[in-house]
Amino acid sequence: MIRKEANNKARQRRHVRVRNTISGTKDMPRLNVFRSNNGIYVQVIDDEAAKTLASSSNLELKIKNGGNIEAAKAVGKDIAEKCKKLKIKKVVFDRGGYQYHGRVAALADAAREAGLEF
């Protein structure tokens, strides 16, 4: 249990470092990813107005096992479609302190294939 808390604190420190350099605007919002053992969640955020423009998750899509790559691909495709409806074409990708690997990379690739640019 202690190791898990230490890993999460390290991830949060990495995320703060990344957030010091990237920020979302109205024209180019931030695509933020959060993953847990059981799910994956993504938000498109305008940091200037402090508003979430769109969001998606495996819970919203009613995918039972959200801790796998297939769920991440479905969430990535869904968020790209929501962004198209809002006429958002470009985003800044915020991996949330996670490695760009596995579910995070699958989500990003699916969003790119569905039309988002980052």
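Scroll up to find the structure this text is about.
Residues numbered from 1 in each chain as written. Predicted model: local features only at pLDDT ≥ 70, side-chain atom pairs only at ≥ 80, totals over all residues. Heavy atoms only, no water.

### What to know about the environment of A71
Note the following rule: Note on conventions: DSSP H or I runs of at least 4 residues are helices, E runs of at least 2 residues are strands, and numbering of each starts at the N terminus. By definition in these notes, contact holds between two residues if any of their heavy atoms fall within 4.5 Å.
The residue A71 is located in helix 2 (residues 69-85) in this model. Note: C-alpha distance between A71 and Q43 (28 residues apart in sequence) is 15 Å. Look past the residues within four positions of A71 in its chain and what remains in contact with it is I40, I63, N65 and G66.

### Overview of the pattern of salt bridges
Note the threshold: A carboxyl oxygen of Asp or Glu within 4 Å of a side-chain nitrogen of Lys or Arg is what we treat as a salt bridge. Partly exposed residues are those whose accessible area sits between 20% and 50% of the maximum for their type, while under 20% is buried and over 50% is exposed, using a 1.4 Å probe and protein chains only.
According to the stated counting rule, one finds six salt bridges in the structure shown. For R30, the salt bridge is made with D94, and the minimal N-O distance between the two is 2.8 Å. Within this pair, whereas R30 is found in strand 1 (residues 30-35), its partner D94 is found in strand 4 (residues 92-94), the two being separated by 64 residues in sequence. For the pair R30 and D94, one class covers both residues: buried. Across the pair D109 and R112 runs a salt bridge, and its minimum N-O distance is 3.2 Å. Highlighted residues: D109 and R112, both in helix 3 (residues 103-113), separated by three residues, approximately one helical turn. Relative accessible area serves as the criterion here: at 36%, D109 is assigned to the partly exposed category.

### Structural notes on the environment of N7
Position of N7 relative to the elements: it lies in helix 1 (residues 2-19). Classification of N7 by relative accessible area gives partly exposed; the value is 44%. Residues N7 and L31, 24 residues apart in the sequence, show an inter-C-alpha distance of 23 Å.

### Here we look at the side chain of R103
Applied cut-off: Residues scored as positive are Lys and Arg, those scored as negative are Asp and Glu, and His as well as the terminal groups of each chain are ignored.
Mapped onto the secondary structure, R103 falls in helix 3. Look at R103: it is buried, it has no salt bridge, and the nearest opposite charge is E70 at 9.6 Å.

### Considering helix 3
With respect to burial, helix 3 is a largely interior element, eight of its 11 residues being buried. Turning to helix 3, its buried residues are R103, V104, A105, A106, L107, A108, A110 and A111. Buried residues along helix 3 sit against strand 1, strand 2 (40-46), helix 2 and strand 4. Taken from the residues just after helix 3, G115 is the one with a positive phi, measuring 120°.

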